[in-house]
Amino acid sequence: MDVFLLGAQDAFSLTAIGAVICGIVLGYLVGVLPGLSRPAALAIAVPITYYLSPVSAIAFLVGVTKASTAGGATGAIMLNTPGEPSSAATCFDGYPLARAGHATKALKVALYASVFGDIVATLVLIALAKPLATFALKMGPMEMTSVMIFALTFIAALSGKSLLKGLIAGIFGIFLSTVGLDPESATPRLTFGMIELWDGVPLVAATVGMLAFTEMLVQGESYLTRLKTTGKMPELVKPRGSDLSWREIARIIPTTIRSTGIGVAAGVIPGLGPTIGAFLSYAVAKKSAKPGDRFGKGEIKGVAATEAADNAVLPASLIPLFAIGLPGSVSAAILVSAFMIHGVIPGPLIFEQHPRLMYGIYVSMIIASICMLLVGRVGLHVFAKIGNVPLTIIIPVVMVLCMMGSFLEKHILFSVYMMVMLGILGYFMQRYGYSVVTFLIGFVVGPIFELSLRQSIIVSNRQPGLILDHPIAIAFLAMAAIAILVFVRPRQGAVLASGDDKSPAE
Amino acid sequence: MNKKQLIDGRTSRPSFFPAAFAELMIVGGASLAAIFIIIPAQTSPSDEIGLAPSFVPTVCAAAVGFLAVAQFIGASIAHGTDNGDGEQRAPIRYALMLMGAACAAVLVTWLIGLLVGCTLLALLVSLILGERRIWMLALVPGCLALTIYIVQWMGF
């Protein structure tokens, strides 16, 4: 109890609350602005946290993530242009509602459903993460290696159009994470004589380059292509119209609760992510429609379903991260880098080694949910107008922030060069169907994976047959094999959910 | 690829194979180069009880090579159905222009400094994106330069 109070004290400090509010405002801006995705914004926000305490830093990033998810609905409703891929399903009913003069109602439904989904998922995280971490501590290196192989396979399968390309990207991420000093012999490995690489490829440079910089190249390319072909931008609908009545609130409650459950499930399973969660939730809501429901033509239940599920995914995706150190989504992977910057390694031991920090983060997450409601409600109309900022401003600003952010990590220009190189590599990977999300998750879990693999081989005395003594490891490897068999053929389902080139895990 | 080729599935075959084969050559070639040239040259043998430093990188490189071959075979059997997005790609020249701007900014950063490099990047990217209003071309890079100056002045 004392540790909890100390954690809560950290979370209620002026700096931490200020960080949460700043994160929420920044997150809303990111969510509202088309073209700037959540992972990209998170990646460039990580360097801002260098000078914050661990609780404030994580609270800030959690604020950015949560609010960008909620803010993504604004563009979907007002412009028919989702700020986030996961908000694409909100367009189905949000935009028709806005066109029919119910924009304010749609924005409020999106906000309330987002906050509800987020708070419930945060409570599930608080309830499940520690017991699961206690269970995970009983798992040996063989089990951990198997879990990581399974998770990477699953993420690779769901994050692109081809499982094999996803696996190539993930394994390449692990390969790149081996650059630096060898963990056993401490001899330089793949450093090409550069001392700057002895600590490995800079984590922030990799995340910023692969996500934010790549994203800007893709956005710039798509903007110029669109400009040459149509020369038109979508028209903004003015936020106006009727308010939300109590009767309507009562109508959306069952849908919101069910969608939150779907979102939590999508968050816990590595690789599913908010996009699949939101589309799945919308599909379920539509399937269970009652007579009189107008799905696809402007139904508030449709908006509530997608937004509740979308926002429930992030807190739930932190469950595997906190319990076994496995980031289930790219946002969670970026949070790992933020943890590492502050000397904390997420995983089952985090509850034993940093209990105060964990309780601080939990309380901060609840504070962030409440702030999200307040900031979202106050800025409802303001955020709707910000969606009009042109990409000709967003792209140069973000590209410069990428350079600055990667420089600030170590104050060496080498990080900037690495960031640009990885950004260009990320562009080509994305262009040819190699998921940068899987790459990044492979890169982040690479050191833990290598450690577990080495331990497994040493413990088993290099006898593969000894794995038969580890049924959990066999179960996860079998699931990975089944996933390969199921997903290896060309698929249309995985991309169906995303509706664009964005991967579901984003 | 023209409209006729898109309608007639058979005509897409000749254009699929060179692209998939080139992809195999790049990924598979990089994998082989890593296994036989880069990793042996960039790792030292270890006398420790555990594994050699080259173990995990070699396994990864070999896995990438194997998967690249599997991907090529699988895509060939499926007649490129999982690679069909290739025809829908945007022209690469726009991205190359932005990359060129980034490389120029990196060069200027190396020669002069981060402040000038970042300002140049903002200016070049704005120009590439079609911004021609003088006040906007001055405002965006100017504000960013001021921000960077303040950040550096504050000692971050």
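For clarity, every value in this text was computed on a predicted model and none was experimentally measured. (Residues numbered from 1 in each chain as written. Chains lettered and ligands numbered in written order. Predicted model: local features only at pLDDT ≥ 70, side-chain atom pairs only at ≥ 80, totals over all residues. Heavy atoms only, no water.)

Brief notes about the overall build of chain B
Part 1 of the argument: Counting secondary structure elements, chain B contains six helices and zero strands.
Part 2 of the argument: Its helices and strands in sequence order give chain B the pattern α-α-α-α-α-α, from N to C terminus.
Part 3 of the argument: In chain B, buried positions account for 40% of the 156 residues.
Part 4 of the argument: In chain B, once contacts between residues fewer than 6 apart in sequence are set aside, the share between residues at least 24 apart is 50%.
Part 5 of the argument: Just so you have it, chain B exposes about 8700 Å², and 72% of that area is on carbon and sulfur atoms. (Helix = DSSP H or I, 4+ residues; strand = E, 2+ residues; numbered from the N terminus. Buried < 20%, exposed > 50% of the residue type's maximum accessible area, 1.4 Å probe, protein only. Contact = heavy atoms within 4.5 Å. Areas by Shrake-Rupley, 256 points an atom, 1.4 Å probe, with all protein chains shown as cover.)

Focus: the overall build of chain A
Part 1 of the argument: Assigned secondary structure in chain A consists of 21 helices and two strands.
Part 2 of the argument: Reported as C-alpha extents along the three principal axes, the dimensions of chain A are approximately 70 × 50 × 45 Å.
Part 3 of the argument: In chain A, the share of contacts with a sequence separation of at least 24, taken over all contacts with a separation of at least 6, comes to 80%.
Part 4 of the argument: When the accessible surface of chain A is summed, it comes to about 18100 Å², and 70% of that surface belongs to carbon and sulfur atoms.

Thoughts on the packing of helix α7 (residues 141-158) of chain A against helix α19 (residues 436-459) of chain A
Residue and element names in this part refer to chain A.
Part 1 of the argument: Close contact between α7 and α19 brings their axes to 8 Å; oriented N to C, the two are set at 155°. As summarised for this structure, α7 and α19 are arranged roughly antiparallel, according to the angle between their axes. With respect to the hand of their crossing, α7 and α19 are arranged in left-handed fashion. Residues Pro-141, Met-142, Met-144, Thr-145, Met-148, Ile-149, Leu-152, Ile-155 and Ala-156 of α7 lie in contact with α19, whose contacting residues are Thr-438, Ile-441, Gly-442, Val-445, Ile-448, Phe-449, Ser-452, Leu-453, Gln-455, Ser-456 and Val-459.
Part 2 of the argument: Its residues placed into classes, the contact of α7 with α19 shows 14 nonpolar, six polar and no charged. (Axes fitted to C-alpha atoms, helices over the stretch in contact; angles between N-to-C directions. Parallel < 35°, antiparallel > 145°, perpendicular 65-115°, else oblique. Left-handed = near helix turned anticlockwise from the far one by under 90°. Nonpolar A, V, L, I, M, F, W, Y, C, P; charged D, E, K, R; others polar.)

Overview of helix α18 (residues 413-431) of chain A
Part 1 of the argument: Its 19 residues give α18(A) an end-to-end C-alpha distance of 27 Å, which sits within 8% of 27 Å, the value for a rise of 1.5 Å per residue.
Part 2 of the argument: After α18(A) finishes, the residue A:Gly433 shows a positive phi value of roughly 85°. (Expected span 1.5 Å × (residues − 1).)

Considerations on the interface of chain A and chain B
Part 1 of the argument: Counting residues at the interface gives 62 residues for chain A, matched by 61 residues for chain B.
Part 2 of the argument: When chain A packs against chain B, close to 5400 Å² is buried across both sides, 77% of that on carbon and sulfur atoms.
Part 3 of the argument: The interface formed by chain A and chain B includes one salt bridge.
Part 4 of the argument: Residue B:Glu23 is joined to A:Lys165 by a salt bridge in which the shortest nitrogen-to-oxygen separation is 3.0 Å. (Buried area = accessible area lost by both parts, 1.4 Å probe. Salt bridge = Lys/Arg side-chain N within 4 Å of Asp/Glu carboxyl O.)

Considering unusual backbone geometry
Residue and element names in this part refer to chain A.
Part 1 of the argument: One non-glycine residue, Ala-186, lies in positive phi territory at about 60°.
Part 2 of the argument: With respect to the helices and strands, the residue Ala-186 is situated in the loop between β1 (180-181) and β2 (188-189).
Part 3 of the argument: A residue is classified by how much of its surface remains accessible, and Ala-186, at 49% relative accessible area, is partly exposed.
Part 4 of the argument: Positioned with a positive phi, Phe-192 is a non-glycine residue whose angle comes to about 55°.

Quick notes on the packing of helix α4 (residues 92-111) of chain B against helix α5 (residues 114-128) of chain B
Residues and elements named next belong to chain B.
Part 1 of the argument: Where α4 meets α5, the axes come as close as 8 Å, and the angle between the chain directions of the two elements is 160°. Our classification of the angle between α4 and α5 gives roughly antiparallel. Our pair here, α4 against α5, has a crossing hand that is right-handed. Two secondary-structure elements touch here, α4 through Met-97, Leu-98, Ala-101, Ala-102, Ala-104, Ala-105, Val-108 and Thr-109 and α5 through Leu-114, Val-116, Gly-117, Leu-120, Leu-121, Leu-124, Val-125 and Ile-128.
Part 2 of the argument: Residue composition of the contact of α4 with α5, grouped by class: 14 nonpolar, two polar and no charged.

Topic: the pattern of salt bridges
Residues and elements named next belong to chain A.
Part 1 of the argument: Throughout the structure, instances matching the rule amount to 14 salt bridges over all chains.
Part 2 of the argument: A salt bridge links Lys-66 to Asp-118; the nearest nitrogen and oxygen atoms lie 3.0 Å apart. Separated by 52 residues along the polypeptide, Lys-66 in helix α4 (residues 54-78) and Asp-118 in helix α6 (residues 103-136) bring together distant segments of the chain. Here Lys-66 matches Asp-118 in class, with each residue buried.
Part 3 of the argument: Glu-299 is the salt-bridge partner of Arg-251, the closest N and O atoms lying 2.7 Å from each other. Taken as a pair, Arg-251 in helix α10 (residues 246-268) and Glu-299 in the loop between α11 (273-287) and α12 (300-324) lie far apart in primary sequence, 48 residues in all.
Part 4 of the argument: Given a relative accessible area of 31%, Arg-251 falls into the partly exposed group.
Part 5 of the argument: Salt bridges sharing partners connect three or more residues here, namely Asp-182, Glu-184, Arg-189, Glu-450 and Arg-454.

A few points about the environment of A:Phe351
All names here are of chain A.
Part 1 of the argument: Assignment of secondary structure puts Phe-351 in helix α14 (residues 350-353).
Part 2 of the argument: Note: C-alpha distance between Phe-351 and Ala-151 (200 residues apart in sequence) is 22 Å.
Part 3 of the argument: Excluding its chain neighbours within four sequence positions, the residues that come into contact with Phe-351 are Ala-129, Lys-130, Ala-133, Phe-322, Met-358 and Tyr-362.

Points about the nonpolar core
Part 1 of the argument: Residues A:Val201, A:Phe322 and B:Leu121 are the most contacted members of the largest nonpolar core, which totals 150 residues.
Part 2 of the argument: Broken down by element, this core gets its largest block of residues, 13 residues, from helix α9 (residues 203-229) of chain A.
Part 3 of the argument: Looking at this core, you find at least three residues from each of domain 1 (4-80) and domain 2 (92-154) of chain B.
Part 4 of the argument: Setting aside residues up to four positions removed in sequence, A:Phe322 forms contacts with A:Leu125, A:Ala129, A:Ala133, A:Phe339, A:Gly347, A:Pro348, A:Ile350, A:Phe351, A:Met358, A:Ile361 and A:Tyr362. (Core = buried A, V, L, I, M, F, W, Y, C linked by side-chain atoms within 4.5 Å. Domains from an automatic or database assignment.)

A look at the packing of aromatic side chains
Residue and element names in this part refer to chain A.
Part 1 of the argument: All chains considered together, the criterion is met by 13 aromatic pairs over all chains.
Part 2 of the argument: Seen from their ring centres, Phe-150 and Phe-476 are 5.7 Å apart, and the 55° between their planes marks the pair as tilted. Of this pair, Phe-150 sits in helix α7 while Phe-476 sits in helix α20 (residues 471-487); the two residues are 326 residues apart in sequence, bridging distant segments of the chain.
Part 3 of the argument: Residue classification places Phe-150 among the buried positions, given a relative accessible area of 13%.
Part 4 of the argument: Look at Phe-476 and you get partly exposed, because its relative accessible area is 22%.
Part 5 of the argument: An aromatic cluster is defined as three or more aromatic residues linked by ring pairs; in this entry it consists of Phe-4, Phe-322, Phe-339, Tyr-359 and Tyr-362.
Part 6 of the argument: Across from the ring centre of Tyr-434, 5.1 Å away, lies the NZ or CZ of Lys-165, which sits over that ring. (Phe/Tyr/Trp six-rings, centres within 6.5 Å; stacked < 30°, edge-to-face > 60°. Lys NZ or Arg CZ within 6 Å of the ring centre and 35° of its normal.)

Let's talk about α4(A)
Residues and elements named next belong to chain A.
Part 1 of the argument: The end-to-end C-alpha distance of α4 is 36 Å, a good match for the 36 Å that 25 residues give at a rise of 1.5 Å each.
Part 2 of the argument: The largest bend along α4 reaches roughly 30° and is located at Thr-69.
Part 3 of the argument: With 24 of 25 residues buried, α4 is to be regarded as a mostly interior element. (Bend = angle between axes of the 7 residues up to and from the residue.)

Details of the confidence of the model for chain A
Residue and element names in this part refer to chain A.
Part 1 of the argument: Overall, the predicted model of chain A reaches an average pLDDT of 83, with 91% of residues at or above 70.
Part 2 of the argument: The spread of mean pLDDT over the elements of chain A runs between helix α21 (residues 493-498), the lowest at 41, and α18, the highest at 93.
Part 3 of the argument: Counting interchain partners and residues more than four positions distant, the pLDDT-below-50 stretch residues 492-506 has 38 contacts. (pLDDT = per-residue confidence, 0-100.)

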